[in-house]
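Letter by letter, the chains look like this.
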Amino acid sequence: YKEPVYAFVPSIAPTSIIRLEDNFSPLWKKNFLVGTLVYQTLLRVKFSNDFAKVILVEDIFIGERIRDLIYLENKKIILIAIEN
């Protein structure tokens, strides 16, 4: 068993987690996006170089329950499937 690097308390009801490729933006290297149901936000999560700790968690308010995320690397587009 390995302890988690980070825990959201209370739960954010996470859905999809995607890794943004380093070509998305020079400022968003080693970044992940997490969709949430409860908070209705995307969470931008940045890790340390060795992925041993979380350096940044940024809320990007969407206002809808996020069901799925897809990153189209060739177009640098993030598709978001919302509930309504």
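Preceding block: the structure.
Conventions adopted
- Residues numbered from 1 in each chain as written.
- Predicted model: local features only at pLDDT ≥ 70, side-chain atom pairs only at ≥ 80, totals over all residues.
- Heavy atoms only, no water.
- Phe/Tyr/Trp six-rings, centres within 6.5 Å; stacked < 30°, edge-to-face > 60°.
- Helix = DSSP H or I, 4+ residues; strand = E, 2+ residues; numbered from the N terminus.
- Buried < 20%, exposed > 50% of the residue type's maximum accessible area, 1.4 Å probe, protein only.
- 1 Å grid on protein atoms, 1.4 Å probe; cavity = no way out; pocket = protein on both sides within 12 Å on 5 of 7 lines; lining within 4 Å.
- Points joined across faces, edges and corners; volume = space filled by probe spheres on them.
- Nonpolar A, V, L, I, M, F, W, Y, C, P; charged D, E, K, R; others polar.
- Pairing = 2+ DSSP bridges.
- Salt bridge = Lys/Arg side-chain N within 4 Å of Asp/Glu carboxyl O.
- Axes fitted to C-alpha atoms, helices over the stretch in contact; angles between N-to-C directions.

A.B. asks: Honestly, the packing of aromatic side chains in this entry has me stumped. Any pointers?
C.D. replies: Two measures describe an aromatic ring pair: the distance that separates the ring centres and the angle between the ring planes. With the rule as written, the count across this model stands at six aromatic pairs. Relative to Phe51, the ring of Phe32 has its centre 6.3 Å away and its plane inclined at 80°; by these criteria the two rings are edge-to-face. Separated by 19 residues along the polypeptide, Phe32 in strand S2 (residues 31–36) and Phe51 in the loop between strand S3 (41–47) and strand S4 (54–61) bring together distant segments of the chain. What makes Phe51 partly exposed here is its relative accessible area of 34%.

A.B. asks: I keep staring at the layout of surface pockets and nothing clicks. Help me out?
C.D. replies: Summary: where empty space remains is shown by rolling a probe the size of a single water molecule over the atoms. Reported here for the largest pocket is a volume of approximately 200 Å³. Along the walls of the largest pocket sit Val5, Tyr6, Phe8, Ile12, Pro14, Ile17, Phe32, Val34, Val45, Phe47 and Val54, which together make up its complete lining. Within the residue set of the lining of the largest pocket, elements represented by two or more residues are strand S1 (14–19), S2 and S3. When the residues that make up the lining of the largest pocket are grouped by side-chain class, the tally is eleven nonpolar, no polar and no charged.

A.B. asks: Help me understand the pairing of S4, please; the structure alone is not making it clear to me.
C.D. replies: The two faces of a sheet get side chains in turn, since along a regular strand they alternate between them. As judged from the seven bridges shared by S3 and S4, these two strands associate in the antiparallel manner. Bridged to Leu43 within S4 is Asp59. Between S3 and the antiparallel strand that follows it, S4, lie six residues; Phe51 among them carries a positive phi value of about 60°.

A.B. asks: How should the pattern of salt bridges be read in this particular structure?
C.D. replies: Pairing of side chains with opposite charge becomes possible as their charged atoms draw close. One pass over the full model with this rule turns up five salt bridges. In this structure, Glu83 and Arg67 form a salt bridge, with 2.5 Å as the shortest nitrogen-oxygen distance. Taken together, the residues Glu83 in the segment after strand S6 (77–82) and Arg67 in strand S5 (residues 66–72) connect sequence positions 16 residues apart.

A.B. asks: Looking at this structure, how should I read the sheet that holds S2?
C.D. replies: Strand pairing in a sheet relies on backbone hydrogen bonds. The paired strands run either parallel or antiparallel. With antiparallel pairing, four strands are arranged side by side in an open sheet as S1-S2-S3-S4. Each end of this open sheet is capped by a strand with a single partner; those strands are S1 and S4. Neighbouring strand axes in the sheet, compared pairwise and without regard to direction, differ in orientation by 20° on average. As defined by bridge partners, S1 adjoins S2 across four bridges and the pair is classed as antiparallel. Paired with Pro14 across the two strands is Thr36, which belongs to S2.

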